[in-house]
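# Fold and contact review
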Amino acid sequence: MPKKVNQSEKLANVRYDVRGPVLEQAEKMEDAGHRILRLNIGNPAPFGFEAPDAILVDMIKNLPYAQGYSDSRGIFSARTAVVQYYQTKGIRNLSVDDVYLGNGVSELISLSLQALCDPGDEILVPAPDYPLWTGATTLSGGTAVHYKCEETDGWNPDLEDLRSKITDRTRGIVVINPNNPTGAVYSRETLEGIVRIAAEHDLIIFADEIYEKITYDGAEMINMATLTGEDVLCLTFSGLSKAYRVAGYRSGWLAITGPNWKAESYLEGIKLLSNMRMCANVPAQHAIQTALGGYQSINDLILPGGRLKAQRDLAYERLNSIDGVSCEPAAGALYLFPKLDVEKFGIVSDEQFALDLLKEQKILISHGSAFNFDTADHFRLVFLPSVEQLAAALDRLEEFLSGYQQI
Ligand code: PLP
């Protein structure tokens, strides 16, 4: 008998269900000729959101000079642009040597956890989460411990719950702001509370701020690193995928601020792993300076009259008008995380709900438990499709739910 090729044991508990069985079913249906409306991932380009021209022009112009590997942390001009950008936001003492460019934020999230975690080390991750944080922690040998975000409190982190989950193995706290999947934008008070806890327990803060430029109705987005100062080591993650609509170019950064002196070994580890992956995609690095320094066209999409704001308003209002569905508003990002009345619909599995909706109405959403949320009564809706598409999709959702009984 030929020997079977098995995946490594370290993958045993690694999950990434937002691209799991429901998506596989959707792909099968597409292969069979069905048109599926994808409300499942935050990928702006397929919905007609184009990148600013200046970014494309800059990349094209620089292609001839982007053939070789760059410095493993990234090209100097782009890292300097990141430093300057954060300086304007009030983040102090960020050195260009502490900025790393990556193939999207995703690569840098994995890299920073790989460099930190020993078996048994715990990372506090929000529930619901962006599941890469949990998966990458597990893959790194660490343990993701989830702290609650409270729907009835605008999906704010429950700081008492967060505090109660700290043990002598806790190494860091992940804060996703603006949040995927809930759309929450955290107040100064909440962020200061997290910083206080991190300072008391000597924890690192991992601030995932990839949606920092996508806020609505004047919601104030406060960069975590403006609050952590010299007390708390803060790793800030952001990039071009969302605000500049170039998710496919894979361009993100990590900026490390705070007491570097006590993290020399960790920072050496990050540098080692950065060296081992050679460098991030160089043409996309060239887009960073132009993106951060140029016209911020994202504002035209999120301000009143803007396409993203109109889509968010419609999705929020229409979801709340459906019998058995309720939803908190999203002050930022690209998502709503509505709640289903499980008793009314007899829901025991949110994944089954997503599959049933897909099969009956050809609408693809992500079920709440894919975001490490422990009750089967939520789903995430991406409001990137046009107002017309969203309105039609939500009519279909209403029709589907009017007759839905899972058990
Ligand atoms: N962090 C959050 C909260 C996200 O929602 C995403 C993508 O959806 C990422 C990170 C990954 O972004 P990137 O395209 O930069 O890898």
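Parameters at a glance
- Residues numbered from 1 in each chain as written.
- Predicted model: local features only at pLDDT ≥ 70, side-chain atom pairs only at ≥ 80, totals over all residues.
- Helix = DSSP H or I, 4+ residues; strand = E, 2+ residues; numbered from the N terminus.
- Rg over C-alpha atoms; globule rule 2.2 N^0.38 Å.
- Buried ≥ 20, exposed ≤ 12 C-beta atoms within 10 Å, placed from the backbone.
- Contact = placed C-beta atoms within 7 Å.
- Pairing = 2+ DSSP bridges.
- Axes fitted to C-alpha atoms, helices over the stretch in contact; angles between N-to-C directions.
- Expected span 1.5 Å × (residues − 1).
- Arc of directions from axis to C-beta.
- Parallel < 35°, antiparallel > 145°, perpendicular 65-115°, else oblique.
- Left-handed = near helix turned anticlockwise from the far one by under 90°.
- Nonpolar A, V, L, I, M, F, W, Y, C, P; charged D, E, K, R; others polar.
- Domains from an automatic or database assignment.
- UniProt positions renumbered as here; feature names shortened; annotations may be inferred.

### What about the overall build of the protein chain?
Looking only at helices and strands, one finds 15 helices and 15 strands in the protein chain. On C-alpha atoms alone, the protein chain measures out to a radius of gyration of 21 Å, which is about the 22 Å that the 2.2 N^0.38 rule sets for 407 residues. A principal-axis box enclosing the C-alpha atoms of the protein chain has dimensions of 60 × 60 × 50 Å. For the protein chain, the residues scored as buried account for 46% of the 407 residues in total. Partitioning the contacts of the protein chain with sequence separation of at least 6, the portion at a separation of at least 24 is 73%.

### Section: the sheet that holds strand 9 (residues 252-257)
The strand order across the open sheet formed by 8 strands is 2-9-8-7-6-3-4-5, and the pairing between neighbours is mixed. At either margin of the open sheet sits one strand with a lone partner, and together these are strand 2 (99-102) and strand 5 (156-157). Pairing between strand 6 (residues 170-176) and strand 7 (residues 204-208): 5 bridges, direction parallel. Note on strand 7: the bridge partner recorded for isoleucine 176 is aspartate 208. Against the sheet, helix 3 (residues 76-88) engages strand 2 and strand 9, with an angle of about 120 degrees to strand 2. Along the sheet face, helix 5 (residues 132-139) touches strand 3 (122-127), strand 4 (143-150) and strand 6 and points at about 160 degrees away from the line of strand 4.

### Overview of helix 7 (residues 188-201)
Between its first and last C-alpha, helix 7 extends 20 Å over 14 residues, near the 20 Å set by a 1.5 Å rise per residue. Inspection of helix 7 places Leu191, Ile194, Val195 and Ala198 among the buried residues, and these make up the whole buried set. Down the axis, helix 7 shows its buried residues gathered within 100 degrees of arc, on one side only. Turned more than 90 degrees away from the buried face of helix 7, the exposed residues are Glu189 and Glu200. Where helix 7 is buried, its residues meet strand 5, helix 6 (159-164), strand 6, strand 7 and helix 8 (225-228). Looking one or two places after helix 7, you find aspartate 202, whose phi comes out positive at around 55 degrees.

### Points about the packing of helix 14 (residues 350-361) against helix 15 (residues 387-402)
Orientation of helix 14 relative to helix 15, taken along the N-to-C sense of each, is 110 degrees, at an axis distance of 11 Å. In this view, helix 14 runs roughly perpendicular relative to helix 15, as classed from their interaxial angle. Judged by the sense of rotation from one axis to the other, the crossing of helix 14 with helix 15 is right-handed. Between helix 14, through Leu357, Glu360 and Gln361, and helix 15, the contact on the second element is made entirely by Arg396, Leu397 and Phe400. In terms of residue class, the contact of helix 14 with helix 15 is made up of 3 nonpolar, 1 polar and 2 charged.

### Remarks on the domain arrangement of the protein chain
Per the domain assignment, the segments of the protein chain are domain 1 (9-50 + 300-402) and domain 2 (53-293). Placing a centre on the C-alpha atoms of domain 1 and another on those of domain 2 gives a separation of 25 Å. In this assembly, 33 residues from domain 1 lie in contact with 31 residues from domain 2. Of all the elements in the fold, those that place two or more residues in the side of domain 1 that touches domain 2 are helix 12 (307-320) and strand 11 (335-336). Of the residues contributing to the side of domain 1 that touches domain 2, the split by class is 17 nonpolar, 6 polar and 10 charged.

### Here we look at the UniProt feature "domain: Aminotransferase class I/classII large" (unreviewed entry) in the protein chain
Taking the UniProt record as the reference, the feature "domain: Aminotransferase class I/classII large" (unreviewed entry) is found at residues 66-397. Structurally, residues 66-397 comprises 38% helix and 17% strand, and the distance from its first C-alpha atom to its last is 47 Å.

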